Amino acid sequence: MTTTTTADTPTRAVGTGHTRVEGRDKVTGAARYAGEIPFTDLAHGWLVLSTVARGRITGIDTEPVLAMPGVLAILDHRNAPRVDTDYIGLLGTRPDPTCAAFQHDRVPYLGWPVALVVAETSEQAREAAESLVVHYEQEPHDVDFTGDHPDAYPLDNHGPAVTGKGDLDAELAASAVVVDAQYRTPEEHHNMMEPHAATARWEDGRLELVDSNQGATWVVGELAKLFSLDPASVRVRSEHVGGGFGSKGVRVHQVTAVMAATVLQRPVRVVLTRRQMFSLAGYRSPTTQRLRLGADADGRLRALEHRSLSVTSTVHEFIESSAGASRVMYDAEAHHTANRVVRLDVPTPTWMRAPGEAPGSFALESAFDELAEKCGLDPIELRLRNEPDRGPVSGLPFAGRNLAACFHEGARRFGWADRDPRPRQRRDGRWLLGTGTAAASFPAGAAPSTAAVTAHPDGTYTVRISAADIGTGARTALTLVAADALHTTVDQVHVRIGDSDFGPAMIAGGSMGTRSWSWAVTAAADELRDRLALGAEIPAEGITVRSDTTAAIGALSAAERHSYGAQFAEVAVDVATGEVRVRRMLGIFAAGRIVNPLTARGQFTGGMIWGISMALHEEAVRDRASGGHVGADLAGYHVATNADVPSVEADWIEDHDPSDPVGIKGIGEIGIVGAAAAVANAVWHATGVRHRTLPIRPDRVIEEGAPGA
């Protein structure tokens with residue numbers, strides 16, 4: 001039978017708003033998440049974490065616990081399967097040893113996994129785990145992060161740790177205006193709705209993991225290397241994910257589930273509690289950043305220095321590359337950036353929504369606001385005067401840089417022209433009112449991916465790709481992309497994702513997922529459509545075409561490719577109570593071709609709300625004495641709620657790159673970039689007081705006060 005496709009031109013599903021194709025399943029409970037899927041003979045594992053911040057395990061009293069009802073096994077460093085960590089993973093680094101659980105008796109931080117108790121039910125496993133007594137030889141620990149830590153050192157991370165050109169001291173000395181300030185951001189946590197969960201089982205000599213992750217083939221590769229398995233003998237499924245934000249890669253719960261399933265030869269599920277996630281799921285490192293800006297009297301930069309210090313653990317290196325924000329935003333004759341790190345007795349940080357860019361933009365865009373004040377310039381005008389024509393560090397041309405257009409449109413819609421630049425000029429009863437702005441940028445990359453598209457005799461199509469929908473609406477976006485590429489309607493396309501058996505594909509990370517997957521889906525669909533146009537008969541099993549974008553992505557011209565945005569915020573501040581209320585926010589973005597306006601707007605505003613949360617609420621505090629968190633839960637760790645976000649609006653402008661065959665840019669992270677700075681700049685405008693440390697808590701507002709308040 002021949003194809004029933006009749007349209008010769010695209011149906012243009014892309015660019016029109018569509019509700020999520022899996023939305024009904026999610027709201028009715030039909031969509032099952034990793035911790036909900038039933039398995040026959042399922043056992044449950046519960047992790048036991050260290051109660052000391054540094055030392056070694058001297059004993060574990062397992063016998064009484066093994067005698068408890070339902071307990072099947074206890075895995076620890078004395079009996080757990082051995083794993084191999086001597087390899088370089090998908091992201092170009094060695095694995096965090098936290099994933100290689102129970103390999104030795106050392107404890108590098110509080111919350112380190114020391115045992116896994118496996119029982120017939122989750123309740124039995126939890127009770128047994130809480131009854132397990134572990135003995136330690138405790139050692140002194142250091143969790144104190146300071147900007148002048150003597151053991152700090154530079155660390156490369158997908159780019160050089162240090163960049164520099166020009167004579168910094170000379171240009172600063174020749175500058176008419178200089179800003180020299182230090183900015184601080186705290187430890188922050190992902191805290192997605194769905195905790196990390198994984199179920200492992202062996203069937204016919206093949207390992208299967210049902211998981212909540214950001215890339216099924218990524219997890220396959222890591223598990224195969226850790227357990228010395230043939231990757232073809234490992235299958236990972238992750239159909240529905242309740243949020244990730246960078247933390248759902250390879251974690252200890254997956255590895256320990258595989259260990260227990262291997263030992264017991266039955267399915268084992270391990271789910272992290274909210275409290276356990278604070279030490280086992282990664283987090284955003286605190287940062288201390290120093291900005292030095294030197295400019296002529298007209299605001300044109302002569303010198304820019306951005307130095308950032310962040311934290312890593314003593315067992316693994318990870319750096320929050322905050323100084324990278326300055327490498328693409330503004331240029332100067334003397335341009336120097338550095339990312340440094342210090343090892344402390346804390347868990348290893350990881351990628352968290354807009355890693356580097358989110359804290360880096362707070363420091364950079366706050367410093368620019370201070371420079372605008374000193375120069376007597378409008379903050380937008382200062383930024384426009386310092387628009388570079390090439391990458392300040394890379395020297396590459398920009399493949400479109402529509403930041404200025406974002407500012408122009410945002411200023412018009414926000415009413416920026418009516419703003420009195422002087423601080424503390426507007427009041428509403430007890431409230432001081434202020435407005436602020438900031439620029440945003442995030443890379444628009446792509447990574448090789450494969451996809452398969454099948455044409456069925458009934459005129460429908462099935463797309464298979466190892467993509468991950470972590471709440472972004474990726475499944476729906478790919479449905480729209482495939483429909484247009486196949487010249488058919490959305491209801492004729494079924495997209496299947498989250499299965500490593502579909503072949504390698506980019507992870508949901510770095511705002512590269514939808515762009516990378518759409519490229520692969522379009523390539524397969526184009527070839528399939530060409531075959532069908534030649535009159536190919538469609539057998540009962542269908543005709544399948546598979547794509548691989550490795551060569552096409554490698555041929556893409558070298559350029560600086562980014563999404564851009566202009567953030568605007570209006571705040572009200574009561575300096576007597578310390579309250580800061582964001583009354584309205586507006587973000588205007590240049591983010592390529594918008595696939596689904598409905599879900600895209602949710603991504604933009606979600607990032608902006610996270611920026612409000614970053615500016616005013618989020619802060620994980622460590623107790624120096626114990627080395628652990630104070631309030632490792634959602635009662636003690638504050639996030640923005642509905643009452644904090646009365647009016648948040650996002651929109652976008654046309655943004656085309658003629659050299660880009662896909663035209664899609666990532667939007668998952670650009671919304672948070674610059675948002676915290678816009679709020680902080682608005683607080684300055686309201687009060688006349690500059691807050692360089694986040695979050696801007698009520699006690700800090702009261703302590704700083706306001707001139708003449």
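Use the structure listed above.
Residues numbered from 1 in each chain as written. Predicted model: local features only at pLDDT ≥ 70, side-chain atom pairs only at ≥ 80, totals over all residues. Heavy atoms only, no water.

Asks: Teacher, can you tell me more about the overall build of the chain here?
Replies: Looking only at helices and strands, one finds 17 helices and 25 strands in the chain. Over its C-alpha trace the chain gives a radius of gyration of 26 Å, about what one expects of a compact globule, namely 27 Å for 709 residues. Expressed along its principal axes, the backbone C-alpha trace of the chain runs to roughly 75 × 75 × 50 Å. Looking at the 709 residues of the chain, the share that counts as buried comes to 59%. Here the analysis covers contacts within the chain between residues at least 6 apart in sequence; of these, 82% occur between residues at least 24 apart. Per element, the accessible surface of the chain, about 26,300 Å² overall, is 50% carbon and sulfur. Averaging the locations of the 68 positively and 89 negatively charged side chains of the chain gives two centres separated by 3 Å. (Helix = DSSP H or I, 4+ residues; strand = E, 2+ residues; numbered from the N terminus. Rg over C-alpha atoms; globule rule 2.2 N^0.38 Å. Buried < 20%, exposed > 50% of the residue type's maximum accessible area, 1.4 Å probe, protein only. Contact = heavy atoms within 4.5 Å. Areas by Shrake-Rupley, 256 points an atom, 1.4 Å probe, with all protein chains shown as cover. Lys, Arg positive; Asp, Glu negative; His and termini not counted. Charge placed at Lys NZ, Arg CZ, Asp CG, Glu CD.)

Asks: What should I look at first to understand the environment of Ala440 in this one?
Replies: Looking at the secondary structure, you find Ala440 in strand 18 (residues 431-443). Residues Ala440 and Glu357, spaced 83 residues apart in sequence, show a C-alpha to C-alpha distance of 8.6 Å. Not counting chain neighbours up to four residues away, the residues in contact with Ala440 comprise Leu403, Ser563, Tyr564, Gly565, Ile670 and Val673.

Asks: Is there a simple way to think about the pairing of strand 2 (residues 55-61) in this case?
Replies: On a regular strand, each side chain points to the face opposite its neighbour's, so the side chains alternate between the two faces of the sheet. In this sheet, strand 4 (residues 106-107) lies alongside strand 2 in antiparallel orientation, the contact comprising two bridges. Residue pairing for strand 4: Arg56 is matched across the bridge by Arg106. (Pairing = 2+ DSSP bridges.)

Asks: Sorry, what's going on with the sheet that holds strand 13 (residues 268-271) here?
Replies: Whenever strands of a sheet pair, they do so through backbone hydrogen bonds, lying parallel or antiparallel. Pairing within the open sheet is mixed, and its seven strands lie in the order 3-5-1-13-10-11-12. Single-partner strands in this sheet number two, and they are strand 3 (71-75) and strand 12 (234-237). Looking at each pair of strands side by side, their axes are set apart by 20° on average, direction ignored. In terms of strand pairing, strand 10 (residues 197-203) meets strand 13 through four bridges, oriented antiparallel. In the strand pairing of strand 13, Ala198 is matched with Val270. Relative to strand 12, helix 5 (residues 216-226) is tilted by about 145°, and along the sheet it contacts strand 11 (206-211) and strand 12. Those strands touched by helix 6 (residues 252-264) are strand 1 (43-49), strand 3, strand 5 (113-119), strand 10, strand 11 and strand 13, and its axis lies near 30° from that of strand 10. (Axes fitted to C-alpha atoms, helices over the stretch in contact; angles between N-to-C directions.)

Asks: So what exactly am I meant to see when it comes to empty space enclosed by the protein here?
Replies: Empty space among the atoms becomes visible once a probe the size of a water molecule is rolled across them. One pass over the full model with this rule turns up two cavities of 30 Å³ or more. Estimates place the volume of the largest cavity at around 60 Å³. Residues belonging to the lining of the largest cavity are distributed by class as follows: five nonpolar, four polar and two charged. When its volume is computed, the second largest cavity comes out at roughly 50 Å³. As for the second largest cavity, its lining consists of His189, His190, Asn191, Met277, Phe278, Ala281 and Gly282. Residues belonging to the lining of the second largest cavity are distributed by class as follows: three nonpolar, four polar and no charged. (1 Å grid on protein atoms, 1.4 Å probe; cavity = no way out; pocket = protein on both sides within 12 Å on 5 of 7 lines; lining within 4 Å. Points joined across faces, edges and corners; volume = space filled by probe spheres on them. Nonpolar A, V, L, I, M, F, W, Y, C, P; charged D, E, K, R; others polar.)

Asks: Got a minute to help me understand the packing of aromatic side chains in this structure?
Replies: Both the distance between ring centres and the angle between the ring planes are used here to describe each pair of aromatic rings. Summed over all chains, the structure comprises eleven aromatic pairs. A centroid spacing of 5.5 Å and a plane angle of 80° characterise the contact between Tyr109 and Trp112, whose relative ring orientation is edge-to-face. As far as the burial class goes, Tyr109 and Trp112 line up, both buried. Plain terms: the ring middles of Phe407 and Phe568 are 6.2 Å apart, the flat faces sit at 80° to each other, and that makes the pair edge-to-face. Taken together, the positions of Phe407 in helix 11 (residues 403-414) and Phe568 in strand 23 (residues 562-574) put the pair 161 residues apart, joining distant regions of the chain. Judged by relative accessible area, which is 1%, Phe407 ranks as buried. One aromatic cluster is present, formed by Phe407, Phe414, Trp416 and Phe568 through successive ring pairs. We note Arg584 situated over the ring of Phe414; from NZ or CZ to the ring centre the distance is 3.9 Å. (Phe/Tyr/Trp six-rings, centres within 6.5 Å; stacked < 30°, edge-to-face > 60°. Lys NZ or Arg CZ within 6 Å of the ring centre and 35° of its normal.)

Asks: In this structure, what is going on with helix 15 (residues 597-616)? I would like to understand it.
Replies: Along an α-helix, residues three or four apart share an orientation, since each turn contains 3.6 residues. Compared with the 28 Å implied by 1.5 Å per residue over 20 residues, the 28 Å span of helix 15 between its first and last C-alpha is a close match. With 15 of 20 residues buried, helix 15 lies mostly within the body of the structure. (Expected span 1.5 Å × (residues − 1).)

Asks: Even after reading the chapter, I still don't get the sheet that holds strand 17 (residues 426-428), so can you show me in this structure?
Replies: Pairing is mixed in the open sheet, where five strands are placed in the order 17-18-23-24-25. Of all the strands in the sheet, the pair left with one neighbour each is strand 17 and strand 25 (648-652). Neighbour-to-neighbour, the strand axes of the sheet open up by a mean angle of 30°, direction not taken into account. Judged from the eleven bridges that link them, strand 23 and strand 24 (residues 579-590) form a sheet pairing that is antiparallel. Note on strand 24: the bridge partner recorded for Val571 is Val582.

Asks: Even after reading the chapter, I still don't get unusual backbone geometry, so can you show me in this structure?
Replies: Negative phi values dominate among residues other than glycine, just as trans dominates among peptide bonds. At the junction of Leu694 and Pro695, the peptide bond is cis and its omega measures out at -5° in the coordinates. Considering the arrangement of structural elements, one finds Pro695 in the loop between helix 16 (675-687) and helix 17 (698-704). Within the chain, Asn191 stands out as a residue other than glycine whose phi angle is a positive 50°. On the basis of relative accessibility, which here comes to 16%, the residue Asn191 falls in the buried class. The phi dihedral of Asp204 falls on the positive side, at around 55°, and the residue is not glycine. Note that Asp204 resides in the loop between strand 10 and strand 11. Judged by its relative accessible area of 79%, Asp204 is exposed.

Asks: Help me understand the pattern of salt bridges, please; the structure alone is not making it clear to me.
Replies: In total, this model carries 60 salt bridges according to the counting rule given. The shortest N-O distance in the salt bridge between Glu194 and Lys248 comes to 3.0 Å. Of this pair, Glu194 sits in the loop between strand 9 (177-185) and strand 10 while Lys248 sits in the loop between strand 12 and helix 6, and the two are 54 residues apart along the sequence. On the basis of relative accessibility, which here comes to 10%, the residue Glu194 falls in the buried class. Here Glu409 and Arg413 are joined by a salt bridge, their closest N and O atoms 3.9 Å apart. Pair noted here: Glu409 and Arg413 are both in helix 11, with a separation of four residues, about one helical turn. One salt-bridge network, held together by shared partners, links Arg201, Glu203, Arg206, Glu208, Arg235, Arg237, Asp499 and Asp501. (Salt bridge = Lys/Arg side-chain N within 4 Å of Asp/Glu carboxyl O.)

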